[in-house]
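# Secondary and tertiary structure notes
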Amino acid sequence: MFPIMVHLADEKVVMVGGGEVALHKIENLRRFGLHVHVVSPVIHPGIEKLADEGVVTVIQKPVEEKDYEDAFLVVAVTDSKKVNDEVAKQAKAAGKLVVHAAQPDLGNSTIPASLQRGRLVLSVSTGGASPTLAKQIRNELAEVYDESYEDYIDFLYEVRQIVRKVEPDRTVRRHLLKIAADPIFYKDIERREAFLREIRPFAQAIQL
């Protein structure tokens with residue numbers, strides 16, 4: 001597996017299956033702002049509630065290939081191995097990203113256990129060997145990288161945007177960004193603000 005982050009906010013995501021596993025997957029995807037299209041003859045009450053809230057789209061019927069022909073990502077989570085296998089086969093042949101929840105090797109993608117702290121996303125995958133272990137590791141990381149990292153990552157993001165704008169020399173840029181990534185800035189909010197006050201005027205001068 002090659003690890004990669006994919007921006008899916010503007011892409012169609014289809015969940016084939018409408019049971020409890022599908023609900024769990026949907027809740028995970030919604031943390032990243034994704035609108036999921038669910039195709040299934042039977043729909044879990046939790047998914048129906050999400051549909052009523054307008055955060056998912058439900059197509060209550062047996063799946064057909066046309067239901068995911070315009071999808072970017074297809075997730076097969078029905079209670080039928082035959083259906084999941086067929087969906088994965090067809091979707092892969094059509095060049096889709098495919099997650100086969102029960103048998104990952106029949107798909108070409110997996111959804112890792114993820115931790116989000118604002119712009120910071122940490123993902124753990126065992127390649128389908130043990131989702132339980134992946135979640136355990138994710139939970140351990142959650143204790144190390146708590147909510148305070150959200151503001152710190154926002155600080156690093158702002159620094160990077162300013163430095164890229166005002167400093168043409170790549171070596172100098174790397175040096176400044178390395179300074180900003182010093183753990184002392186994570187622990188000291190006042191020091192962060194002082195650093196930003198020093199570099200913001202340069203960006204404002206360029207805008208003028």
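A brief look at the structure comes next. Here the structure is a predicted model, which is why all the values come from computation and not from measurement. Within each chain, residue numbers correspond to sequence positions counted from 1 in written order. Local features in this predicted model are restricted to residues whose pLDDT is 70 or higher, and side-chain atom pairs enter the listing and the counts only when it is 80 or higher, whereas totals over whole chains, interfaces and linings include all residues. Heavy atoms from the whole structure form the basis of all side-chain values; hydrogens and water molecules are not counted.

This part takes up the overall build of the protein. Helix and strand content of the protein: 8 helices and 7 strands. Relative to its length of 208 residues, the protein is extended, with a C-alpha radius of gyration of 22 Å against a globular reference of 17 Å. Dimensions of the protein, computed from C-alpha atoms along their principal axes, come out at roughly 60 × 40 × 35 Å. Residue burial is assigned from relative accessible area. The probe radius is 1.4 Å, only protein chains are included, and a residue is buried under 20% of its type maximum, exposed over 50%, and partly exposed in between. For the protein, the residues scored as buried account for 30% of the 208 residues in total. A run of H or I in DSSP becomes a helix once it reaches four residues, and a run of E becomes a strand once it reaches two; helices and strands are each numbered from the N terminus. In this description the radius of gyration comes from C-alpha coordinates, and the expected globular size is given by 2.2 Å times residues to the power 0.38.

Working definition: the strands of a sheet are paired by backbone hydrogen bonds and lie parallel or antiparallel to each other. Think of it this way: DSSP has to see at least two bridges between two strands before they count as a pair. Across the sheet, 5 strands lie side by side as β3-β2-β1-β4-β5; this open sheet has parallel pairing. Strands with a single pairing partner mark the edges of an open sheet, and in this sheet they are β3 (56-59) and β5 (97-100). In this sheet, adjacent strand axes meet at a mean angle of 20 degrees when their direction is disregarded. Relative to β3, strand β2 (residues 36-39) is paired through 4 bridges, and the arrangement is parallel. Bridging from a neighbouring strand, His37 pairs with Thr57 of β3. Should any heavy atoms of two residues lie within 4.5 Å, those residues are counted as being in contact. Whenever a helix is involved, its axis is fitted only over the stretch in contact; in every case the axis is a line through C-alpha atoms, and angles between N-to-C directions fall within 0 to 180 degrees. Seen against the sheet, helix α1 (residues 20-30) touches β1 (13-16), β2 and β3 and runs at an angle of roughly 160 degrees to β1. Here helix α2 (residues 45-52) sits on the sheet in contact with β2 and β3, set at roughly 120 degrees to β3.

With respect to the secondary-structure elements, Lys25 resides in helix α1. Of the side chains with opposite charge, Glu27 comes closest to the buried, unpaired Lys25, at an N-O distance of 11 Å. The contact partners of Lys25, leaving out residues within four places of it in the chain, are Met15, Val77 and Ala101. Just so you know, the count uses Lys and Arg for positive and Asp and Glu for negative, and it drops His and the chain ends. Each reported salt bridge corresponds to a side-chain nitrogen of Lys or Arg within 4 Å of a carboxyl oxygen of Asp or Glu.

Once that is clear, we can look at the nonpolar core. The nonpolar side chains of soluble globular proteins are, as a tendency, buried together. Among buried residues, the Ala, Val, Leu, Ile, Met, Phe, Trp, Tyr and Cys ones that are joined through side-chain atoms within 4.5 Å form a nonpolar core. Counting 18 residues, the largest nonpolar core has Met15, Ile26, Val36, Val38 and Ile47 as the members making the most contacts within it. If you tally residues by element for this core, the top one is α1, at 4 residues. When residues no more than four places from it in sequence are discounted, the contact partners of Ile47 are Gly18, Gly19, Ala22, Leu23, Ile26, Val38, Val56 and Val58. Counting residues in hydrophobic clusters, the runner-up holds 14 residues, among them Val163, Phe185, Leu196 and Ile199.

Moving on, we get to the side chain of His100. As for its placement among the helices and strands, His100 is situated in strand β5. Judged by relative accessible area, which is 2%, His100 ranks as buried. In terms of polar contacts, His100 uses its side chain to reach the backbone amide nitrogen of Gln103, at 3.0 Å. With sequence-adjacent residues up to four places away left out, His100 is seen in contact with Ala76, Asn84, Asp85, Ala88, Leu106 and Gly107. Distance and chemistry together define a polar contact, namely a pair of N or O atoms within 3.5 Å, with one atom able to donate a hydrogen and the other to accept it when in protein, and with adjacent residues in sequence counting only for side-chain atoms on both sides.

All right, on to the pattern of salt bridges then. Considering all chains together, one arrives at 9 salt bridges under this definition. Lys49 is the salt-bridge partner of Glu53, the closest N and O atoms lying 2.6 Å from each other. Judged by relative accessible area, which is 44%, Glu53 ranks as partly exposed. One salt bridge in this structure joins Asp154 and Arg119, with 3.3 Å as the shortest N-O distance. Placement of Asp154 in helix α5 (residues 149-166) and of Arg119 in the loop between β6 (113-117) and β7 (120-124) is noted, with a sequence separation of 35 residues between them. Taking relative accessible area as the criterion, Asp154 reaches 37% and is therefore assigned partly exposed.

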